[in-house]
Every structure is written in structure tokens, then in C-alpha cells.
Amino acid sequence: MNLTPEQQELGRRNFLRVMAGTPALAALAAASAIEGPLRGGPVRIGCIGTGGQGRVLLEQTDRQFAEIVALCDINPLQLAKADESLAKTNHPPAKHYSDWKEMLQKEKLEAVLLASPLFLHAEIAIACMEAGLHVLSEKMMAWDVASCERIAEAAHKNRRVYEVGHQRFYNGVYQAAYEGIVKAGLLGELYHARLVWHRNGNWRRHIDMPSPDYDASRWGYPSYDHLINWRLYKKYSRGHMAELASHQVAVAEWFFGANATAAIGSGGVYRFKDGREIPDHTYVTLEYPGGRTVVFTSIESNAFDNYYEAYYGTKGTLILSGEIDAFLFEEKGASTAAAQPKATGIEITAKGGPVGAASESRAADAAGSAAGGGRSGGGGDRNLAYKNEVSGFCAAVRTGVPLKCGPERAMGSARACITGFEAMDTQKRIEIKV
Amino acid sequence: MDSLSRTQQLSLVVLRTLIGWHFLYEGFTKVLGPSWSRAGAPIGRFTAAGYLRGASGPFAELFRGLADASWLPWLDLVVAWSLVLIGLGLMLGLFTQLACAGALALLALFYLSWLPTSGVHQPGGEGAYLLVNKNLIEAAAVAVVLAFRTDRIAGLDLLRAAEPAPRAPVAEAAR
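Small disclaimer: the values here were computed from a predicted structure and weren't measured.

Asks: Which parts of the structure should I look at to understand the sheet that holds strand β14 (residues 325-330) of chain A?
Replies: The pairing of strands in a sheet happens through backbone hydrogen bonds and is either parallel or antiparallel. All names here are of chain A. In spatial order, the strands read β14-β13-β12-β8-β11-β10-β9-β15; together these eight strands make up an open sheet with mixed pairing. Two strands bound the open sheet, and with one partner strand each, they are β14 and β15 (429-431). Averaged over all pairs of adjacent strands, the angle between strand axes in this sheet comes to 15°, irrespective of strand direction. Of the pairings in the sheet, the one linking strand β8 (residues 190-198) to strand β11 (residues 292-299) comprises seven bridges and is parallel in character. Within β11, the residue paired with Arg 194 across the bridge is Val 295. Along the sheet face, helix α10 (residues 239-256) touches β8, β10 (281-288), β11 and β12 (307-313) and points at about 155° away from the line of β11. Running over the sheet, helix α14 (residues 407-426) touches β9 (262-268), β10 and β15 and is turned about 50° from β9.

Here it is in C-alpha cells:
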């Protein structure tokens, strides 16, 4: 090929003229990769465990974020109630399963909401992640620390989104308290937090069998009582520490920016001596670096205090009550000595709904012993926190936005609470080594 | 095209490319749906229903009626893919004149459905318009691109021309 320099120049120019549109197209693709939207519809979800807590999650699932494809529970009565939950919130009916492995096999799921009894969390969560599914697990992370570690490892290895349902991380009251008060240093030096969850009622449940010939042993439970009251037996449960404290401890560790280093505990079955193994009175002290101490108490004999978290600093006291109210008191001698409580301005909602009726946090309340139920004043919406939690999980699945309570954060709380339970069980001080 | 300076030619091609980008990206986001923003918010499948229901001006009733038409999903599809194809045509300079005509037609529809007769700021709008709005201005820009035959300046249409572009240097060299 022999071209004169003029021919070459002209040919080059012609080529460039023809290709004029191409750089713009490449730029479009680049721009799309950087900032454009990501393809995908609602996350296809299956729910494993449709008891009270599972139904809370179902009812707070936004259809724009998730599509509930399948429900799994060994109790048909719970599945029927879950159907009602879906209908109430305009979700289309979902397919039923009693075996979660079968559900995983037959359904094209992307994620699961896991609300099974605690002792099953690890086995199910790990199997789901190994199968390529993302997991939003109810608290606590797992029954023992080794299982928590295996879950975290499975999430990491399979690159799956794993989140634990400590919904306070999605609660505007807590976010505001952390950003505006704790992080801003308004409490001064913080040495002590008191976590309280007091109820006056029997944790034991009395629920009719789905059918007279219902066989709980098919699912590994020696009796139907064990199936419905698994929270009262040590092989399935960690008692108040898992069902109640883990929420509050997770927040304490968030506010402290540290994990517990030791636990001391006492407690026992003092009131309801009905064959249960899990204490109905729990008193656990958790030690943190820098001389900081958290004291958690949960009793089933008086609901006057209801439930709250109080943070005592050298300049002020922050009380987060019932997940809806926040109060700030300044210490005498602090910069502006206004010793009046300052409630957040977030509007309180009258919603009762499934949270009030079903959540472990309100179990005693449901027994009719709620204290503080008539409290007025500013506050947030507990349901909204659950809704944000499920939506946030789905967003993380689809777009990779950061989780608010991923494996690391959940593990800290679980480790502290499991150790706290063991300290109470053995009446010893146990150091927590990571 | 010889009567236009290189700067003038370049300006016209840049204008065409920018309009093409606008159409293509509008179409791209519509055919992509359902999708999610990078911040984690779901974006539903595209439908013109909301846009049509908010129609204003003398033809508003006509357009509002379309919002409830049973064939609206088809209309949505046609609009989304038209935007994509017109955008590609303008950016690549392929079937440029046809793409310009399509762009003019769509912009005319957009303009007529939201004809700005109030002269005040509308909710959700970017400013206050009276008769002239951004759709009309973009349509005028498309008309300029159409009239100046940018298909003869740059783009893949040159390959479709009777005298293919690669031959030009030879012809000119022989002159």
C-alpha cells in the first residue's frame, strides 16, 4: 500500500469524521458505569420462620424493595398468620414450605429473612449463603461464638450480604442520638451505661397445636412445649441476653466504639419455677476498655421501668426509652445548666401493629403488664425502623450500599451476650478474648 | 458543507452529539427499569402515566386520557426505545436526518402535552416558562441540526453515502 503523505492525512481525517460519534458513546458507557442506575427489580425473598418476629419483618417489607416469594415454617398455623400479614400489606400470596432446604431448592430466591429459633440460625444462614443467597437474620447472630464466626466466614467467603436485625441501627432516634449527642461529645467522658428490660409476665407461651396429631419430634423437639417455648431451654436459647440484651448491647458498643472485654453475671429462675432452664431474672455486667461498664438487667416480676438504655457521662445523661423517646439531661455544672429533660421532636405514632403484639421486646407487655405504655411526648416509629432495616438490607443486596449491622457489628454484641449468659450460668467472671 | 468553517461544522456536530446523549440517556434509564439508584433506592419500571396525568395546556385532556389507556404499556415501550434509537442515531450520525425528524416529533409531543401557558413556576418544574420551555428550545436545536445536514459533516452516514468516505483521499490526491 503506497499512500502519499497527503493521502494519509486525508484518509486519517475522513476516518475521524466517520468515527465522530464513537467517543461520545464510550463516554456514555463510562458515565453509566460510574453514576447510572443499576438494573434489577425487587429482591426475591423467602422467609424462614413466620412466627411473631418473622411476621413483623414481613409486614414491614416494602414491595418496591422486596418480593416475598415463599414462606417456610414447621407450624402451619404460623404460615396461615403470615398469609394474613401479606394480605394486609398488599403482598401477593407466597408459596408455603415446611422444609427450608426444599424451599431453597425449588425457589429462585435471592435472599432470605431468617427468623427461626436462635439455635438454628447458624445452620440455616450458612447453608443459605453457601447456596448463594443473602441473609437478613433476626437477632442474635447465633447460639454460640464459634457459630457466629462460621457465619461471618461464610458471608465473607461467599461474598454475600449478611445482616442481623438489630433494628435500632435503622431507628432515627438512635441515629440522631449518636450523631448529635454521643459523637458530638455532649455527654463528656462516658463510663457507664445501664441497659434495662423489665417486664412483669410469664415468658412461657400457650399456643394450641396445629392439629391433635401434630408431631414436634419430626422437627427434633422432644415435645410441642419445647417447640413453642424454645426460648426457655438452654439448648435452643440464650434467654434475655439473646432476645433482649443483644439489641441494647449492640448499641452500647456502637456508642462506645468498643467491644466488651469481660462479663460478670448472676440470675436464675426465681419466679416461674415451671421446669424452664432459662433464668427469669438476669443481671449481667459487661466491661469495656477505658474503665467503661455496661450493666444489663432483665426481670420478669416488675415492669415499672419497661425498657430503656441510659448513658451516663461526665457532662450529661442520655436516656433512650422504648425505642421511641430520647431524653438528655445535663449534669450540674455543665456548660448550660438546664436540668430539664429534652425529648426529641420526632412525632410519636399510634401504631400498635405486629411489633407491639409479637416482638419479644413486648412479650410481657402483651401479657398486659406494660409500664410506661401511656407515656406521651416526642418519639419515633418503631415500625419504621423495621421497615428501614428490610429496605436497607435489600438496597445492600442490589447496590452494595453499606450495611448498618453487618457481621462485625453483630458479632461484637453476640460475643458479649453469649459470654454474659455463660457468666450468669456459671456465676463467674469471664474474660472475652477475640 | 464546504461553505461552513471547521469551527462551524464542529459546533453543529457537538450540538447533535449533546442532543443525542440527552435522548439516549433518557431512553436508557427507561428501558433499564426496574432499576436501583446507586444510593439504594428502587426505581420502578418506566411508565408515562404520571407524566400524562399531569398534562397541561389546551391539549391536556387528550393526553390525560392516554394515561388510562389499556395500551399505555406499549406506548411506554415505544417512547423508551424511540428515545434510545434516536439518541444513538444522533450520536453516531447514523440515519441522522431520520433521527432528527423523530426527535422533532417526540419533542413536539412533549411540548404540546405540557404546553406552558401559565407563566408561573409549576410544582416539580425547574423554572417559570411562558410558551417557550426547554423542550421547545431543544426542538429548535434539532431543527438546526436537521437543516444543516450534519450527516454530511461527520458520522456513520458518510459510510452509507453514494461515494464512500475512504475514497475521498484518492479522489482528492488525483485532482
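Asks: Would you mind showing me how to read the domain arrangement of chain A here?
Replies: Note: interface size is frequently given as the accessible area lost on complex formation between the parts. All names here are of chain A. Domain parsing of chain A yields domain 1 (43-167) and domain 2 (169-382 + 402-431). At the level of secondary structure, the elements contributing two or more residues to the side of domain 1 that touches domain 2 comprise α3 (52-59), α4 (76-88), α7 (145-158) and β7 (162-164). Class assignment for the residues of the side of domain 1 that touches domain 2 results in 19 nonpolar, six polar and five charged.

Asks: Help me out: how do you make sense of the pairing of β14(A) in this one?
Replies: The side chains of a regular strand alternate, residue by residue, between the two faces of the sheet. All names here are of chain A. Relative to β14, strand β13 (residues 316-321) is paired through six bridges, and the arrangement is antiparallel. Note that in β14 the partner of Gly 316 across the bridge is Glu 330. Adjacent in sequence and paired antiparallel, β13 and β14 are bridged by three residues, among which Gly 322 carries a positive phi angle near 60°.

Definitions and cut-offs
Residues numbered from 1 in each chain as written. Chains lettered and ligands numbered in written order. Predicted model: local features only at pLDDT ≥ 70, side-chain atom pairs only at ≥ 80, totals over all residues. Pairing = 2+ DSSP bridges. Helix = DSSP H or I, 4+ residues; strand = E, 2+ residues; numbered from the N terminus. Axes fitted to C-alpha atoms, helices over the stretch in contact; angles between N-to-C directions. Contact = placed C-beta atoms within 7 Å. Domains from an automatic or database assignment. Nonpolar A, V, L, I, M, F, W, Y, C, P; charged D, E, K, R; others polar.

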